[in-house]
Amino acid sequence: MAITLCVLLWVKDGQEELFESYEDKALEIATRHGGITVSRVRRTEGSEAPYEVQILQFPSDASLKEFMDDPARSELSEMRERSIAKTEVIRVNQIA
């Protein structure tokens, strides 16, 4: 059964470029496990809202786990730690 995630990401001040590089690489790794980026949007003005919101789909829990455990993703952990202040992941059902 397909898994749909809504991922909310807050970025540390001044680390937007590093974050964008990290996410481009991480989402590329997700595609190796059947992950699809349905939507990737950024806020238009500075605020307390997440910097970026993503809707991701994976074919199954197993494929999501494979992505999360992928050594290539782990190699990016320093970039992630330096650029992301907070992440919230919500499992959702796509209704439209």
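No experiment lies behind these values; they were computed from the predicted model shown.

Thresholds applied
- Residues numbered from 1 in each chain as written.
- Predicted model: local features only at pLDDT ≥ 70, side-chain atom pairs only at ≥ 80, totals over all residues.
- Heavy atoms only, no water.
- Core = buried A, V, L, I, M, F, W, Y, C linked by side-chain atoms within 4.5 Å.
- Buried < 20%, exposed > 50% of the residue type's maximum accessible area, 1.4 Å probe, protein only.
- Helix = DSSP H or I, 4+ residues; strand = E, 2+ residues; numbered from the N terminus.
- Contact = heavy atoms within 4.5 Å.
- Pairing = 2+ DSSP bridges.
- Axes fitted to C-alpha atoms, helices over the stretch in contact; angles between N-to-C directions.
- Salt bridge = Lys/Arg side-chain N within 4 Å of Asp/Glu carboxyl O.

**Student:** Kindly report on the nonpolar core, identifying the contributing residues and their values.
**Tutor:** Side chains of a nonpolar character, in soluble globular proteins, are inclined to be buried together. Within the largest apolar cluster, 20 residues are counted, with the highest numbers of intra-cluster contacts made by Leu5, Phe19, Tyr22, Phe58, Leu64, Phe67 and Leu76. The set of elements that each furnish at least two residues to this core consists of strand E1 (3-11), helix H1 (16-31), strand E3 (52-58) and helix H2 (61-69). No other element matches H1, which puts seven residues into this core. Residues within four places of Tyr22 in sequence aside, it is in contact with Arg73, Leu76, Met79, Arg80 and Ile84.

**Student:** Give a description of the sheet that holds E3 that names residues and reports values.
**Tutor:** Two modes of strand pairing occur in sheets, parallel and antiparallel, and in both the strands are linked by backbone hydrogen bonds. Taken together, four strands build an open sheet; the order of strands is E2-E3-E1-E4 and the sheet is antiparallel. At either end of the open sheet lies a strand with only one pairing partner, and these are strand E2 (36-42) and strand E4 (84-92). Sheet twist, expressed as the average angle between the axes of neighbouring strands with direction ignored, equals 15°. Packing against the sheet, H1 makes contact with E1, E2, E3 and E4, and its axis sits at approximately 165° to E2.

**Student:** Would you mind going over the pattern of salt bridges in detail, with residue names and values included?
**Tutor:** Overall, the coordinates contain seven salt bridges when judged by the stated rule. One salt bridge connects Asp61 with Arg91, and the closest N-O pair in it is separated by 2.6 Å. Linking Asp61 in helix H2 with Arg91 in strand E4, this pair joins segments that are 30 residues apart in sequence. Overall, Asp61 belongs to the partly exposed group, its relative accessible area being 43%. Since its relative accessible area comes to 51%, Arg91 is described here as exposed. Arg82 is the salt-bridge partner of Glu78, the closest N and O atoms lying 3.8 Å from each other. Within this pair, Glu78 and its partner Arg82 are both found in helix H4 (residues 77-83), separated by four residues, close to a single helical turn. Take Glu78: its relative accessible area is 52%, and that puts it in the exposed class. Beyond isolated ion pairs, a larger network of salt bridges with shared partners links Glu20, Asp24, Arg40, Arg42 and Glu52.

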